[in-house]
Amino acid sequence: MVWRLASYLTQTLPAEAAHNVAVKALSLGLGPAPSVPSLPVKVGTMRWPNPLGLAAGFDKNAEAYHGAHKLGFGAVEVGTITPLAQPGNPKPRVFRLPEDQAVINRYGFNGKGMAYAAKQLAKRRSDMILGVNIGANKLSEDKAQDYHKTAAFLAGYADYITVNISSPNTPGLRDLQDGKALQDTLAATFAGLAEAAETKPVFVKLAPDLTATALVQSMEAALQFDIAGFILTNTTIARPAHLQSRYQSEQGGLSGRPVKAFSEASLATAMTFIKEQNASCDVIAVGGIETGQDVLMRLALGASATQLYSALSLQGPDLPARILTDIAAFCDRHHITSLSEIIGTAATIEEARAFAAR
Ligand SMILES: Cc1cc2nc3c(=O)[nH]c(=O)nc-3n(C[C@H](O)[C@H](O)[C@H](O)COP(=O)(O)O)c2cc1C
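Parameters at a glance
Residues numbered from 1 in each chain as written. Predicted model: local features only at pLDDT ≥ 70, side-chain atom pairs only at ≥ 80, totals over all residues. Heavy atoms only, no water. Helix = DSSP H or I, 4+ residues; strand = E, 2+ residues; numbered from the N terminus. Rg over C-alpha atoms; globule rule 2.2 N^0.38 Å. Buried < 20%, exposed > 50% of the residue type's maximum accessible area, 1.4 Å probe, protein only. Contact = heavy atoms within 4.5 Å. Areas by Shrake-Rupley, 256 points an atom, 1.4 Å probe, with all protein chains shown as cover. Lys, Arg positive; Asp, Glu negative; His and termini not counted. Charge placed at Lys NZ, Arg CZ, Asp CG, Glu CD. Core = buried A, V, L, I, M, F, W, Y, C linked by side-chain atoms within 4.5 Å. Axes fitted to C-alpha atoms, helices over the stretch in contact; angles between N-to-C directions. Parallel < 35°, antiparallel > 145°, perpendicular 65-115°, else oblique. Left-handed = near helix turned anticlockwise from the far one by under 90°. Nonpolar A, V, L, I, M, F, W, Y, C, P; charged D, E, K, R; others polar. Near = heavy atom within 4 Å. Polar contact = N/O pair within 3.5 Å; in protein donor to acceptor, adjacent residues only side chain to side chain. Pairing = 2+ DSSP bridges. Expected span 1.5 Å × (residues − 1).

Student: What is the right way to read the overall build of the chain from this model?
Tutor: Tallying secondary structure elements over the chain gives twelve helices and 13 strands in all. Against the 2.2 N^0.38 benchmark of 21 Å for 358 residues, the chain shows a C-alpha radius of gyration of 19 Å, consistent with a compact globule. Once the C-alpha set of the chain is aligned to its principal axes, its extents read approximately 50 × 50 × 45 Å. Each of the 358 residues in the chain was classed as buried or not, and the buried ones make up 58%. Across the chain, contacts joining residues at least 24 apart in sequence account for 73% of those joining residues at least 6 apart. If you sum the accessible surface of the chain, you get close to 14,700 Å²; carbon and sulfur atoms cover 55% of it. Considering the chain, the positive charge centre built from 32 side chains and the negative charge centre built from 31 side chains are found 7 Å apart.

Right, dumping it as structure tokens:
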């Protein structure tokens, strides 16, 4: 109840102030800690206690991941972390679009840099799955080198590394999704891991704005490396015609409900390609997830796990527990004893949706 009130009050603050309050509260351990059902999934070589992770962007400086984990998430991804501290774009730079259950942000990797993040990550307890999402500084002249530096510096703290080349708010970053640039970026990341003598699973996070052809080309280039898989997707620069909010024309990445269709389509394209190639890689699905049904649908379509962010900021901290309880009830109803029975059972988006709606 206290949490309902507190999260209602933060909704009355401007979006960035609300975000900062939420990070502060969780960093101080002032958050709910519901007990959530055990719903284990295999994600590459990892075992997540449930298939719902917190996506990157909430805990940019790795200050609140213990508190975020306590909300019930099966994994928490911190970052994006860049080598150097940088201020990001001028404010205001994040907007809530409640009418559309969406968020637009153009933060631009505001953050305290990898040395600060490493200090925070050194405090981690080992009873959780922690992803570290890495990126490049805005003014960096050699972006690939930034992935080398951050991978080398931070891999020791991570259960997995996410190579973020899909944020729309750093000029040129999305160009790293193109074949040659992507290979240079991954070569640099793996060189960083080798330098640190770490072999952590590496995921590549891609944009929902790639055409199906471009998505497959990026995946093909990435699969030349020993990656664990893909995170699909980041925010979109598209602005669907159905948006209602007065903030709809703000520049930046749109997330939440309006990105759902894009992310689902990317996942479907990716799974078809993975099957065709018989590639051994996993997909973590993210974009517009707000219900247990959304999670089940992505698993049926082939994702190994999911993440969310926007719905948490719009609906409050008890959302993960509600979603996981709904998934457990679905499994009980349909006598499903392990989520592995579900993964990849649907061939199309429609089939996956119908499955999850049962
Ligand atoms: C305010 C905000 C900041 C974000 N910052 C990052 C980031 O730093 N790095 C990243 O990889 N993704 C970032 N994202 C994207 C999310 O991780 C996620 O991919 C996207 O929002 C789609 O999921 P959602 O619809 O559940 O929010 C951010 C999203 C939001 C809303």
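Student: Mind showing me how you'd approach the nonpolar core here?
Tutor: Soluble globular proteins tend to pack their nonpolar side chains together in the buried interior. In this structure, Trp48 and Val132 are the most contacted members of the largest nonpolar core, which totals 98 residues. The dominant element in this core, judged by the number of residues it contributes, is helix H11 (residues 319-333), at seven residues. Excluding residues that lie within four positions of it along the chain, Val132 makes contacts with Val78, Ile81, Leu121, Leu154, Ala158, Tyr160, Ile161 and Thr162. Judged by nonpolar contacts, the second largest core, of six residues, contains Phe95, Leu97, Ala102 and Ile104.

Student: How do you make sense of the packing of helix H7 (residues 212-222) against helix H8 (residues 260-277) when you look at a structure like this?
Tutor: Geometry of a packed helix pair, given as the angle between the helix axes and the separation of the axes. Between H7 and H8, the least distance of the axes is 10 Å, while the angle of their chain directions is 50°. Judged on the interaxial angle alone, H8 and H7 are oblique. H8 is crossed by H7, and the crossing has right-handed handedness. Seen from H7, the contacting residues are Ala212, Leu215, Val216, Met219 and Glu220; seen from H8, they are Ser266, Thr269, Ala270, Phe273 and Ile274. Its residues assigned to classes, the contact of H7 with H8 shows seven nonpolar, two polar and one charged.

Student: Honestly, the site of the ligand in this entry has me stumped. Any pointers?
Tutor: If you check the shell around the ligand, you find 25 residues, and the closest are Ala56, Thr80, Gly256, Gly288 and Ser310. Between Lys60 and the ligand, the recorded distance is 3.0 Å, taken from a side-chain N or O atom to an oxygen atom. Here Thr233 contributes a backbone N or O atom positioned 3.0 Å from an oxygen atom of the ligand. Protein burial of the ligand: of its 600 Å² of free accessible surface, 98% is covered by the chains.

Student: Sorry, what's going on with the sheet that holds strand E11 (residues 253-256) here?
Tutor: Hydrogen bonds between backbone atoms are what pair the strands of a sheet, whose relative direction is either parallel or antiparallel. Reading across from one edge, E5-E6-E11 is the order of the three strands in this open sheet, with antiparallel pairing throughout. Of all the strands in the sheet, the pair left with one neighbour each is strand E5 (94-97) and E11. Neighbouring strand axes in the sheet, compared pairwise and without regard to direction, differ in orientation by 20° on average. Relative to E11, strand E6 (residues 102-105) runs antiparallel, the two being bridged by four bridges. Directly across from Asn105, in E11, lies its bridge partner Gly253.

Student: Would you explain the environment of Ala270 in this entry?
Tutor: Inspection of the secondary structure puts Ala270 in helix H8. Sequence spacing of Ala270 and Glu195 is 75 residues, and the spatial spacing of their C-alpha atoms is 31 Å.

Student: Before we go on, may I ask you to explain helix H6 (residues 179-195) in this structure?
Tutor: Within an α-helix, residues lying three or four positions from one another point in the same direction, as the helix has 3.6 residues per turn. Taking 1.5 Å of rise per residue, the 17 residues of H6 would be expected to cover 24 Å, and the 24 Å separating its terminal C-alpha atoms lies within 8% of that figure. On its buried side, H6 packs onto strand E7 (130-134), helix H5 (143-154), strand E8 (160-164), strand E9 (202-206) and H7. Backbone geometry just after H6 places Ala197 at a positive phi near 55°.

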